[in-house]
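Residues per chain are reported as follows:
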Amino acid sequence: MGTKKIKTNRRNFFQTSAALIGGSILYSILKPIDSISQSIEEETKDEIVNLPLWGMGIDLHKCVGCGKCAEACKLENNVPREPFYFRTWVEQYTVKKDGDVVIESPNGGIGGLKQSVPIEDIFKSFMVPKLCNHCSKAPCVQACPVGATYLSPDGVVLVDDTYCIGCSYCIQACPYGARFMNPVTHVADKCTFCYHRITKGLQPACVEVCPTDARIFGNLKDKKSDLVKFLQKNPTQVLKPHLNTKSKVFYNGLSSEVK
Amino acid sequence: MPKLIFRLFFSFVVFVSLFIIVQRFLKPDSFGKYGHYRANSIEDNQISTLYYKGEEKCTSCHQDVYDLKYADLHSEVSCESCHPPKIDANTECEVMPPIIKGSIEFCGQCHTFNKGRVKKGVPQLELNDHYKGENCIDCHNPHAPWELKK
């Protein structure tokens, strides 16, 4: 095999180089593709900066597992009572003296959680309320093939009911099991942080009814909000940090047993 | 340019421009304003019936009950924790009063002894041993639990 001699001279080389450089500069000035692509305009970017960034703190030292949050959520958001679908629910973790962990959440905790393990076998027990973690890098948003679920500019993961095709990919993608297929509307359903309430200056229903103030809701950008104070005072953790979902639900007092 | 390559190139250009034109017509107006979704859907999500009105709304009429509650152990418990609105609470609570509960099962949601609840500032009781068969509100004032009636 012999090498092919490049049939070109210096003049040709310079001409081609100049054309290429000139062409790319011209392209960067005119930007013909931009008019059809979906880049965010500068004005909307400024709009986003001024918006709040919603998040939630959960103090496990305070949660008593009464299930009022799960009950209020069902009422406020018209979540079907049966079969048992939940936007938020409470799990009871019981670590036995022999090391086994019992996790139970009958009816999502509605009506108060009851201990099924005899008291002499219990090493420790605690309640863990769960809900959508409103991840900043949400796996469900990436999985949606039609753009029906998205992270809103104020940091809430929402579902576009009219766009959802009901393929359930987002339900499989969610590592927290926070999504479900609504049996009435047949579209994906999930916690919205009670978006209709928070945009009117109210607290989400679960936060409103919590009798021990175990749930703290607020704006992560506002340094004076209750949530930011809660995060400053307590060493908090998020669920499944190794997945790097950048969750915005922060737990105080989270044990390693919690999955 | 060979004819074959020209045809290929030509059909490629035709398909791409056709795609762009069709996409322009099919795409909803607000799609892509903030990202790969319909921006108007954010407003759609804001429209929903408010059932829980919030403590301020209750206090606007029931200031006396609020003051009583605030001075006692149930101060952190908001009104609607125990008085959930009726399902069609878009009507005011004057028209449709909230549900009132005071049974031992209801109070037991928080106060039944459970190992997962101890040391959390909520008194834990073996409810069967604690005054069998009576309702909690027969003795306790729910707004001020240590105001005993008996």
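For the structure, check the block above.
As a starting point, this report considers the structure included with it.

Scoring rules and cut-offs
- Residues numbered from 1 in each chain as written.
- Chains lettered and ligands numbered in written order.
- Predicted model: local features only at pLDDT ≥ 70, side-chain atom pairs only at ≥ 80, totals over all residues.
- Heavy atoms only, no water.
- Contact = heavy atoms within 4.5 Å.
- Buried area = accessible area lost by both parts, 1.4 Å probe.
- Salt bridge = Lys/Arg side-chain N within 4 Å of Asp/Glu carboxyl O.
- Polar contact = N/O pair within 3.5 Å; in protein donor to acceptor, adjacent residues only side chain to side chain.
- Helix = DSSP H or I, 4+ residues; strand = E, 2+ residues; numbered from the N terminus.
- Buried < 20%, exposed > 50% of the residue type's maximum accessible area, 1.4 Å probe, protein only.
- Pairing = 2+ DSSP bridges.

On the side of chain A, 56 residues touch chain B, which itself brings 44 residues to the contact. Where chain B abuts chain A, roughly 4,200 Å² becomes buried across the two surfaces, and 54% of that area is made up of carbon and sulfur atoms. Looking only at chain B, the three residues that lose the most surface to chain A are Y34, Y52 and Q109 of chain B, adding up to 16% of its buried area. Counting across the interface, chain B meets chain A through 1 salt bridge. A salt bridge links R38 of chain B to D160 of chain A, with the shortest nitrogen-to-oxygen separation between them at 2.9 Å. Across the contact surface, chain B and chain A share 24 residue pairs in polar contact (both at pLDDT 80 or more). Within the residue set of the side of chain B that touches chain A, elements represented by two or more residues are α1 (3-26), α2 (40-46), α5 (79-82) and α6 (104-111) of chain B. It is α2 of chain B that provides the largest number of residues to the side of chain B that touches chain A, a total of 4 residues.

What follows concerns helix α3 (residues 68-76) of chain A. Given 3.6 residues per helical turn, the α-helix brings residues three or four places apart onto the same face. Across the 9 residues of α3 of chain A, 8 count as buried, placing the element largely inside the fold. Those residues of α3 of chain A hidden inside the fold are in contact with β2 (88-96), α6 (195-198), α7 (205-209) and β9 (215-219) of chain A together with α5 and α6 of chain B. Where α3 of chain A ends, the next residue or the one after it, N78 of chain A, has phi of about 50°, a positive value.

Below, the discussion takes up the environment of K53 of chain B. Residue and element names in this part refer to chain B. By secondary structure assignment, the location of K53 is in the loop between α2 and α3 (55-59). Residue K53 is classed as partly exposed on the basis of its relative accessible area, which comes to 24%. Separated by 27 residues in the primary sequence, K53 and E80 place their C-alpha atoms 8.2 Å from one another.

The next point concerns the sheet that holds β9 of chain A. All names here are of chain A. The 4 strands lie next to each other as β9-β1-β11-β10, forming an open sheet whose pairing is mixed. The open sheet has two free edges, formed respectively by β9 and β10 (236-237), since each of these has just one partner strand. In terms of strand pairing, β10 meets strand β11 (residues 249-252) through 2 bridges, oriented antiparallel. Residue pairing across strands places T236 opposite N252, the latter belonging to β11.

Another aspect to go through is the pattern of salt bridges. For the coordinates displayed, the defined rule picks out 7 salt bridges over all chains. For E257 of chain A, the salt bridge identified is with K124 of chain A, shortest N-O distance 3.6 Å. Remark: K124 of chain A occurs in strand β4 (residues 122-131) and E257 of chain A occurs in the segment after β11; sequence separation between them is 133 residues. Here E55 of chain B ties to K69 of chain B by a salt bridge, and the two come within 3.0 Å at their closest N and O atoms. Here E55 of chain B, found in helix α3, pairs with K69 of chain B, found in helix α4 (residues 63-70); they are 14 residues apart in sequence, far enough to count as distant. With a relative accessible area of 22%, E55 of chain B lands in the partly exposed category. The exposure class of K69 of chain B is buried, given its relative accessible area of 7%.

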